[in-house]
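Structural description and commentary
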Amino acid sequence: MELSKKMQDALNEQIKEEIASAYIYLSMAAYCESINLGGFAKWMVNQSNEEMSHAMKFYNYIYDRGGRVVLEALDKPATEFGGPTDVFEKTLAHEQFITGRIHKLYAMASEEKDYASLGVLQWFVDEQVEEEKTAGDILEMLKMVGDKGQGLIMLDRQLAQRGG
Ligand code: FEO
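What comes next is a walk through the structure. (Residues numbered from 1 in each chain as written. Predicted model: local features only at pLDDT ≥ 70, side-chain atom pairs only at ≥ 80, totals over all residues. Heavy atoms only, no water.)

**Some remarks on the packing of aromatic side chains**
- Under the counting rule described, the total for this entry stands at six aromatic pairs.
- Centre to centre, the rings of Tyr59 and Tyr63 are 5.6 Å apart; their planes meet at 65°, and the pair counts as edge-to-face. A residue pair is termed a helical-turn pair when its members lie 3 or 4 positions apart in one helix, as Tyr59 and Tyr63 do in helix 2 (residues 38–64) at four residues.
- By relative accessible area, which is 31% here, Tyr59 ends up partly exposed.
- Chaining the aromatic ring pairs together yields one cluster made of Phe40, Trp43 and Phe88. (Phe/Tyr/Trp six-rings, centres within 6.5 Å; stacked < 30°, edge-to-face > 60°. Helix = DSSP H or I, 4+ residues; strand = E, 2+ residues; numbered from the N terminus. Buried < 20%, exposed > 50% of the residue type's maximum accessible area, 1.4 Å probe, protein only.)

Below, the structure is given as structure tokens:
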């Protein structure tokens, strides 16, 4: 079954959102590095790389279905933040935004009875549960330890352990 034009356009839009996510998280990494939170920065670089892998999952899928990938312009990401708690509040809010978009794509694939797209999108539905949980857990820890002091240094060390 051929990928519909409507579904292809929506998936291309999602490639843009995933690459925009990578760009946003890389900008957050750069900010964290600038305030000497190397562990936070490393976590965000890994997060950024993961978003590029999400973009490539959609990219490859569009070609698996005989479609055409078309990239769109990205917005300039925020470069300054109010500290690590602010960074993770924005990370969680961004992941919730992405979850909403994935659910809309899922609903569209369901309407079109595009079962192959539903399969790929189910992976993303599950991934978003993880993404929100991870960002939410780190935000909760930040709310406990605050934006400076010993607790923050320990959390920075912990986040440095995230594998690529
Ligand atoms: Fe690609 Fe963080 O969702």
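Additional details are given in the paragraphs that follow.
**Some points on the nonpolar core**
- Counting 21 residues, the largest nonpolar core has Phe40, Met44, Val87, Phe88 and Leu142 as the members making the most contacts within it.
- Sorting the residues of this core by element identifies helix 1 (5–34), helix 2, helix 3 (84–111), helix 4 (115–145) and helix 5 (150–159) as the ones contributing at least two each.
- Counting residues per element, this core draws most heavily on helix 1, which supplies five residues.
- In this view, Phe88 contacts Phe40, Trp43, Met44, Ala135, Ile138, Leu139 and Leu142; residues no more than four positions away in its chain are not counted. (Core = buried A, V, L, I, M, F, W, Y, C linked by side-chain atoms within 4.5 Å. Contact = heavy atoms within 4.5 Å.)

**Describing empty space enclosed by the protein**
- Enumeration according to the criterion identifies one cavity of 30 Å³ or more in this entry.
- The space that makes up the largest cavity amounts to roughly 30 Å³.
- Together, Trp43, Gln47, Thr91, Glu95, Glu131, Thr134 and Ala135 line the largest cavity.
- Listed by contribution, the elements that provide at least two residues to the lining of the largest cavity are helix 2, helix 3 and helix 4.
- Counting residues per element, the lining of the largest cavity draws most heavily on helix 4, at three residues.
- Taken together, the residues of the lining of the largest cavity break down into two nonpolar, three polar and two charged. (1 Å grid on protein atoms, 1.4 Å probe; cavity = no way out; pocket = protein on both sides within 12 Å on 5 of 7 lines; lining within 4 Å. Points joined across faces, edges and corners; volume = space filled by probe spheres on them. Nonpolar A, V, L, I, M, F, W, Y, C, P; charged D, E, K, R; others polar.)

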